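# Analysis of the macromolecular model
Here are the chains, one letter per residue:
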Amino acid sequence: MALHLETPLLESRPLSLATGRSVWLKMDALQPPGSFKIRGIGAACEHHVRNGKRRFVSSSGGNAGIAVAYAGRRLSVPVSVFVPETTTERAKSLIRQEGAEVFVHGASWQDANERALAAVDAETAFIHPFDDPILWAGHATIIDEVVRAGLSLDAVVLSVGGGGLLSGVAEGLARNGLQDIPIIAAETEGTGSLAASIKAGKLVELPSVSGIATSLGARKVCERAFEIARTRPVESVVVDDRSALEACTRFLDDHRVVVEPACGAALAVAYSHFDRLAQHQRVLIVVCGGATSPVSQLQAWQAS
Ligand SMILES: *Cc1c(COP(=O)(O)O)cnc(C)c1O
């Protein structure tokens, strides 16, 4: 049995009324570790165990680290997560809650990642947060489930960090014969690495990332994501932190589920940029979730 759940697919009455079209939600916020990431990471971890690995290492202080920790507990494999000093107490405690060991190292993610790579030996699998074909195949199950449920769509809205979710959803569409369906790829202003690459016509690395959508904070998307953006119908949308945050609080009121601003970026396309949906009648939003910003954090951002 896979480590992820088949999540609910529901029509959002509030968002359908607000946008004048049919808006469907794939509720991956309800995955046990809090985000869609367990789909791909679960698939990767199972693959590595089948191939004899005895330990998992991650360098993500966010939802990827939490998902690896969860997968390790479920598979009875020890997990070490290397995170920088900037990682929140909340994230560290969610990782430890799954029984994984947290090592704090360095001021930046690069430092923590170097230390994580140095800890990898022949028996250890390093689990990348977004750049791995096994991961994409796991994320693609989002679309398999939607197709199996019989929903026909004409656009998919999702958030983009390093582009693993985009790569997986594109694979899911393609393996179900739906490769011509447009993907609306949402980022925040401080994390627009895909938007910058599309604009430059080549894969570019941002000098830095900023803002509250920390789970989207990859300075460069993976090559696969950029290739998809060049060769498939992908529309880039950049929203500001305010709209991402407002989307989180409105979504909490409308659907009673807490998500991170990283997910709010995708929801903001429907809540405040619905002109971008003008061409589409039946829209699927991947509610990717995120466990690292509780209500108190959303409120603190709102007050600031
Ligand atoms: C990781 C993550 C994303 C972005 O996924 P990528 O595969 O890095 O593009 C979006 N939202 C949440 C909540 C995440 O954890």
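Each chain carries its own residue numbering, running from 1 in the direction its sequence is written. The predicted origin of the model limits local features to residues at a pLDDT of at least 70 and limits the giving and counting of side-chain atom pairs to 80 or more, whereas totals for whole chains, interfaces and linings rest on all residues. Where side-chain values are given, they derive from all heavy atoms of the structure, hydrogens and water being excluded.

The name that an unreviewed UniProt entry assigns to the protein chain is L-serine ammonia-lyase, with the source organism given as Sinorhizobium fredii. The Catalytic activity (unreviewed entry) comment attached to the protein chain in UniProt states, word for word, "L-serine = pyruvate + NH4(+)". UniProt positions are given in the numbering used here, feature names are shortened, and annotations may be inferred rather than shown by experiment. We quote the UniProt Sequence similarities (unreviewed entry) comment for the protein chain here in full: "Belongs to the serine/threonine dehydratase family."

We define a salt bridge as a side-chain nitrogen of Lys or Arg found within 4 Å of a carboxyl oxygen belonging to Asp or Glu. A complete count under the given rule lists eleven salt bridges for this structure. For Arg 175, the salt bridge goes to Asp 144, with nearest N and O atoms at 2.5 Å. Highlighted residues: Arg 175 in helix H8 (residues 164-175) and Asp 144 in helix H7 (residues 141-148), separated in sequence by 31 residues. Relative accessible area decides the class of each residue, using a 1.4 Å probe on protein chains only: under 20% of the type maximum gives buried, over 50% gives exposed, and in between gives partly exposed. Accessibility expressed as a relative area gives 40% for Arg 175, which makes it partly exposed. Between Arg 224 and Glu 227 there is a salt bridge, and its shortest N-O distance comes to 3.0 Å. On the criterion of helical spacing, the pair formed by Arg 224 and Glu 227 is a turn pair, its members being three residues apart in helix H10 (residues 223-231). By relative accessible area, which is 35% here, Glu 227 ends up partly exposed. Per the convention used, a helix needs a DSSP run of H or I reaching at least four residues, while a strand needs a run of E reaching at least two, with both numbered from the N terminus.

In this section: the sheet that holds strand E5 (residues 101-104). The strand order E5-E4-E3-E6 describes an open sheet built from four strands, whose pairing is parallel. At either end of the open sheet lies a strand with only one pairing partner, and these are E5 and strand E6 (124-126). Averaged over all adjacent pairs, the angle separating strand axes in this sheet is 20 degrees, with direction ignored. Looking at chain direction, strand E4 (residues 79-83) and E5 are connected through four bridges and run parallel. From the neighbouring strand, Val 83 faces E5, where its bridge partner is Val 104. Note on contacts: a residue pair is in contact if any heavy atoms of the two residues lie within 4.5 Å. To obtain an axis, a line is fitted to C-alpha atoms, over the contacting stretch when the element is a helix, and the angle between two such axes runs from 0 to 180 degrees between their N-to-C directions. On the sheet, helix H3 (residues 63-75) packs against strand E3 (55-58) and E4 and is oriented at approximately 170 degrees with respect to E3. Only strands that DSSP links by at least two bridges are regarded as paired with each other.

Turning our attention to the sheet that holds strand E9 (residues 234-239). Overall, mixed pairing links the six strands, which are arranged E1-E2-E10-E7-E8-E9 in an open sheet. Edge positions in the open sheet fall to strand E1 (9-11) and E9, since each of these has one partner strand only. Neighbour to neighbour, the strand axes of the sheet diverge by 25 degrees on average, direction disregarded. One ladder, built from three bridges, connects strand E7 (residues 155-159) with strand E10 (residues 282-286); its direction is parallel. Opposite Ala 155, over in E10, you have Val 283 as the bridge partner.

This next bit is on the packing of aromatic side chains. When two rings of Phe, Tyr or Trp (its six-membered ring) have centres within 6.5 Å they constitute a pair, described as stacked for plane angles under 30 degrees, edge-to-face for angles over 60, and tilted for the intermediate range. Taken as a whole and judged by the stated rule, the model has one aromatic pair. Aromatic pair Phe 82 and Phe 103: ring centres 4.9 Å apart, planes at 20 degrees, arrangement stacked. Taken as a pair, Phe 82 in strand E4 and Phe 103 in strand E5 lie far apart in primary sequence, 21 residues in all. In this structure Phe 82 comes out as buried when scored by relative accessible area, which is 7%. The exposure class of Phe 103 is partly exposed, given its relative accessible area of 31%.

What follows concerns the site of the ligand. Near is defined per residue: the residue qualifies when any heavy atom it owns lies within 4 Å of the molecule or strand. Around the ligand, the structure places 16 residues, and the nearest of them are Lys 37, Asn 63, Gly 161, Gly 163 and Leu 165. In protein, a polar contact means a hydrogen-donor-capable atom and an acceptor-capable atom, both N or O and within 3.5 Å, with residues adjacent in sequence counting only if both atoms are side-chain atoms; elsewhere, any N or O pair within 3.5 Å suffices. Separating an oxygen atom of the ligand from a side-chain N or O atom of Lys 37 is a distance of 2.6 Å. With respect to the ligand, the backbone of Gly 163 contributes an N or O atom lying 2.8 Å from an oxygen atom. Notes on the ligand: free accessible area 380 Å², of which the protein chains cover 98%. A 1.4 Å probe and the Shrake-Rupley method give the accessible areas. Residues count as covered only by the protein chains that appear here.

By disulfide we mean two sulfur atoms from cysteines, separated by a distance within 2.5 Å. For the structure on display, the rule yields zero disulfides. With no disulfide of its own, Cys 263 has Cys 288 as its nearest cysteine by sulfur position, at a separation of 3.9 Å. Residue classification places Cys 263 among the buried residues on the basis of a relative accessible area of 0%.

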